[in-house]
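What follows is the residue order along each chain.
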Amino acid sequence: MRRWTGWLGLILLCATLKAQTPEIASMLRDAFPVSQLKPGMKGYGLTVFKGTQIERFEVEVVGVLENANFGRPLVLIKMKGGPITGRQANIIAGMSGSPVFIQGKILGAVAYGFAFPREPHGLVTPLEDMLTTFDPRLNRQSARLTTTRVVHRSVRLAGRLYAGVHIGPNPPTAPNLAWARPLMTPVMVSGLSARGLERLRKKLEPYGLMPVMAPGGAGKPIRVQFEPGAAFGVALATGDIDLTAIGTLTYRKGNYVLAFGHPFFGAGEVEMPVTAAEIIDVFPSYLASFKLGNRAQTLGTLYHDGAFAVAGQLGRNAHMMPIRMRITNAQTGVTRTYRCEFFRHSLLTPQFIGIAVSEFIGRTYFALGDATVTVRWTLKTQPYGEIRYENRLFSDALAEDTVLQDLSYVLGLLQGAPDRKVELEGLEMEVVIQPGRHTAFIERLTTDKGAYRPGETVRATVWVRPVRAPSALRPYTFTFRIPYDATSGRYTLQVASGGEVAGAPTGLPMGLVRVLMGGGVGGTPTTAQMLREFQRRERNHQL
């Protein structure tokens with residue numbers, strides 16, 4: 001009976017997987033086989049250069065680079081037409097995914113371009129490989145745009161003969177190699193200051209993403225035919241901060257879509273909103289021409305980020321991580337509330353949270369210098385539930401850096417959890433910033449006598465001096481009992497603020513310090529134990 005039950009479960013699982021993924025075998029009939037390509041064959045590509053109108057550009061096959069793309073081929077093409085040659089833009093960031101047609105069938109997607117080209121050459125990822133992205137069981141390639149490959153086959157570009165092609169984000173170190181790199185994907189940004197945009201740029205550039213200030217109007221519905229060649233948006237964040245990557249739709253079968261022709265983050269299984277997009281214009285540049293556009297209405301969900309493409313399903317909602325921040329400037333009495341949603345990823349989302357917190361605090365409190373900050377937040381997670389935090393902090397520079405310290409520690413702890421997969425479900429934060437230094441020094445510690453017997457009560461007084469009132473010493477008295485089993489000898493009594501551990505090694509988070517110094521945990525602490533210690537520790541305004 002158990003054997004039959006096992007087989008029944010397997011059959012049901014296979015049926016479920018089949019129902020959730022499209023039939024790839026039938027889609028292969030829409031693809032032009034790479035094996036039938038010959039140099040000199042002509043075709044056309046589709047993309048949007050302005051508005052939502054899909055336009056054609058001409059394509060000529062130059063050759064096939066075998067084993068160039070994680071063991072699979074790439075097709076070298078030459079392009080002309082539209083602003084590619086008409087405005088000397090060459091290959092354009094935002095064209096990733098532009099479908100190329102040969103004899104009425106889709107060869108694949110424009111995905112890679114050459115650095116500082118004199119002529120618009122590009123590399124096409126075949127649709128035959130892109131289709132495997134629909135089914136994660138078939139597409140097991142894990143890749144990032146930072147992955148470097150070299151194809152040792154001579155190619156001629158713009159009249160020059162190269163010994164091979166170096167494919168990667170950084171230039172080749174060997175001589176006489178043509179440098180091909182994944183097309184930069186422009187990310188339309190709204191809601192960030194110049195400083196926030198620079199922070200975002202440093203986070204995104206390693207993934208081949210180019211943050212650009214958006215012209216505004218994100219999310220407004222537009223009329224669009226969402227078919228091969230249409231602008232394809234992927235929302236990383238929505239709300240008071242809006243981040244949307246724009247590429248091109250390569251292939252659609254029913255409600256299933258493919259785009260980009262290369263990895264996005266290389267994150268595998270993901271959930272990000274797929275949106276329509278409107279292109280404002282193409283900006284030609286010697287360094288990297290790019291499309292400028294706006295996100296429009298949400299159409300579905302991106303569910304897989306693979307080596308050869310990204311795959312999405314229309315009509316499906318993405319599960320995002322909501323953030324709500326309430327910030328008060330105690331000096332001006334101004335309180336502002338900000339809301340946004342980020343896509344969920346254990347490695348990437350914490351980086352975006354840090355940018356958002358810094359941005360929102362900077363909008364409300366602008367001073368640089370001494371400030372006392374009261375912070376409360378609740379981080380909702382799976383499987384660790386709600387992690388609650390409250391503390392009073394001092395900052396002598398940027399308040400947002402101080403606010404982020406303990407939150408960054410917890411996010412890093414969750415990100416590196418070796419024992420369980422963690423999902424970030426939401427963050428609610430309240431911050432009150434008071435200019436000035438409302439802190440105190442521990443001046444001295446006294447006890448009612450110098451020697452005690454086991455079981456006796458110690459009466460101790462801590463003398464605290466406020467920073468701004470050097471003559472106003474304030475006493476705080478507390479008592480504790482000497483353990484009955486204490487051995488004879490000399491003991492040291494230390495006192496510190498709750499955010500510190502007297503005599504602890506410096507440079508370590510306090511939750512970890514307590515465990516390392518004997519917090520009652522044997523062996524290597526688990527993530528759950530570390531989180532409990534973090535929430536249990538005293539705060540800075542406590543002794």
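Residues numbered from 1 in each chain as written. Predicted model: local features only at pLDDT ≥ 70, side-chain atom pairs only at ≥ 80, totals over all residues. Heavy atoms only, no water.

1. So, the confidence of the model for the protein
Averaged over the protein, the pLDDT score is 85; the fraction of residues at 70 or greater is 88%. For the stretch residues 501-521, pLDDT sits under 50, and the model shows 35 contacts to residues farther than four places along the chain or on other chains. (pLDDT = per-residue confidence, 0-100. Contact = heavy atoms within 4.5 Å.)

2. What to know about helix α9 (residues 527-536)
Those residues of α9 that sit buried are Thr527, Met530, Leu531, Glu533 and Phe534. Buried residues of α9 fall within an arc of 160° about the axis and therefore sit on the same side. (Buried < 20%, exposed > 50% of the residue type's maximum accessible area, 1.4 Å probe, protein only. Helix = DSSP H or I, 4+ residues; strand = E, 2+ residues; numbered from the N terminus. Arc of directions from axis to C-beta.)

3. Focus: the pairing of strand β21 (residues 334-342)
By the bridge criterion, three bridges tie strand β14 (residues 231-239) to β21 in an arrangement that is antiparallel. When the bridges of β21 are listed, glycine 239 appears paired with cysteine 340. In this structure, strand β20 (residues 321-329) lies alongside β21, joined through nine bridges in antiparallel fashion. Its bridge partner lying in β21, arginine 326 is registered against threonine 337. Between β20 and β21, which pair antiparallel one after the other, the connecting turn spans four residues, and glycine 333 there sits at a positive phi close to 80°. (Pairing = 2+ DSSP bridges.)

4. Looking at the sheet that holds strand β27 (residues 474-481)
In a beta sheet, neighbouring strands are held together by backbone hydrogen bonds and run either parallel or antiparallel to one another. Strand order in the open sheet formed by three strands is β25-β26-β27, with antiparallel pairing between adjacent strands. Taken across any chain shown, the strands that pair with only one partner, and hence form the sheet edges, are β25 (440-447) and β27. Averaged over all pairs of adjacent strands, the angle between their axes in this sheet comes to 25°, without regard to strand direction. When strand β26 (residues 457-466) meets β27, the two strands line up antiparallel, connected through eight bridges. Directly across from alanine 460, in β27, lies its bridge partner phenylalanine 478. (Axes fitted to C-alpha atoms, helices over the stretch in contact; angles between N-to-C directions.)

5. Quick word on the pattern of salt bridges
Evaluation of the coordinates by the stated rule reveals 20 salt bridges. Close ionic contact of lysine 253 with aspartate 30 constitutes a salt bridge, the shortest N to O distance being 3.4 Å. Remark: aspartate 30 occurs in the loop between α2 (24-27) and β1 (42-48) and lysine 253 occurs in strand β15 (residues 242-253); sequence separation between them is 223 residues. Overall, the relative accessible area of 26% leaves aspartate 30 in the partly exposed class. Note that glutamate 423 and lysine 421 form a salt bridge whose closest N and O atoms lie 3.7 Å from each other. Judged by relative accessible area, glutamate 423 falls into the partly exposed class, the value being 25%. The structure contains a network of salt bridges with shared partners spanning Glu271, Arg344, Lys421, Glu423 and Glu425. (Salt bridge = Lys/Arg side-chain N within 4 Å of Asp/Glu carboxyl O.)

6. Description of the side chain of threonine 125
Turning to its location among the elements, threonine 125 is positioned in strand β6 (residues 121-126). Residue classification places threonine 125 among the buried positions, given a relative accessible area of 0%. Beyond its immediate stretch of four places on either side in the chain, threonine 125 contacts Asn69, Leu74, Leu107, Gly108, Ala109, Ala111, Tyr112, Met130, Gly261 and Phe308.

7. Considering the environment of arginine 539
Among the secondary structure elements, arginine 539 is positioned in the segment after α9. Residue arginine 539 is classed as buried on the basis of its relative accessible area of 8%. It is 5.6 Å that separates the C-alpha atoms of arginine 539 and asparagine 391, two residues lying 148 residues apart in sequence.

8. Some words on the packing of aromatic side chains
Here the structure, examined in full by the defined rule, presents 18 aromatic pairs. Aromatic pair phenylalanine 478 and phenylalanine 480: ring centres 6.4 Å apart, planes at 20°, arrangement stacked. Through successive ring pairs, a cluster of aromatic residues spans Tyr207, Phe226, Phe232, Phe260, Phe264, Phe265, Phe342, Phe343 and Phe352. We note arginine 420 situated over the ring of tyrosine 384; from NZ or CZ to the ring centre the distance is 5.7 Å. Directly above the ring of tryptophan 463 sits arginine 444, whose terminal nitrogen or CZ lies 4.8 Å from the centroid. (Phe/Tyr/Trp six-rings, centres within 6.5 Å; stacked < 30°, edge-to-face > 60°. Lys NZ or Arg CZ within 6 Å of the ring centre and 35° of its normal.)

9. Brief notes about the side chain of asparagine 391
Among the secondary structure elements, asparagine 391 is positioned in strand β23 (residues 385-395). Engagement of the side chain of asparagine 391 in a polar contact is seen with the side chain of tyrosine 389, the distance being 3.3 Å. (Polar contact = N/O pair within 3.5 Å; in protein donor to acceptor, adjacent residues only side chain to side chain.)

10. A look at the packing of helix α5 (residues 194-204) against helix α6 (residues 349-364)
At their nearest, the axes of α5 and α6 sit 10 Å apart, and the two run at 175° to each other. Between α5 and α6, the crossing angle belongs to the class labelled roughly antiparallel. Facing Gly196, Arg199, Leu200, Lys203 and Leu204 of α5, the residues of α6 in contact are Gln351, Phe352, Ile355, Ser358 and Glu359. Class assignment of the residues belonging to the contact of α5 with α6 gives a composition of four nonpolar, three polar and three charged. (Parallel < 35°, antiparallel > 145°, perpendicular 65-115°, else oblique. Nonpolar A, V, L, I, M, F, W, Y, C, P; charged D, E, K, R; others polar.)

11. A look at the environment of alanine 111
With respect to the element layout, alanine 111 can be found in strand β5 (residues 105-114). Judged by its relative accessible area of 0%, alanine 111 is buried. It is 9.8 Å that separates the C-alpha atoms of alanine 111 and glycine 94, two residues lying 17 residues apart in sequence. Not counting the four nearest positions on each side in its chain, alanine 111 is found in contact with Ser96, Leu123, Thr125, Pro182, Leu183, Phe260, Gly261 and His262.

12. Focus on the packing of α6 against helix α7 (residues 399-415)
Look at α6 against α7: their axes get within 10 Å of each other, and the N-to-C directions meet at 165°. Relative to α7, the element α6 lies roughly antiparallel. Crossing geometry of α6 relative to α7 is assigned as right-handed. Along its contact with α6, which presents Pro350, Ile353, Gly354, Val357, Ser358 and Ile361, the element α7 presents Glu400, Val403, Leu404, Leu407, Leu411 and Gln415. Each residue belonging to the contact of α6 with α7 can be placed in one class, and the counts come to eight nonpolar, three polar and one charged. (Left-handed = near helix turned anticlockwise from the far one by under 90°.)

13. Observations regarding α5
Of all the positions in α5, only Gly196, Leu197, Leu200 and Leu204 are classed as buried. Down the axis of α5, the buried side of the element spans an arc of 100°, and every buried residue falls inside it. Those residues of α5 that are exposed and angled more than 90 degrees off the buried face are Ala194 and Lys202. Elements that come into contact with the buried residues of α5 comprise β12 (185-190), β13 (209-213), β15 and α6.

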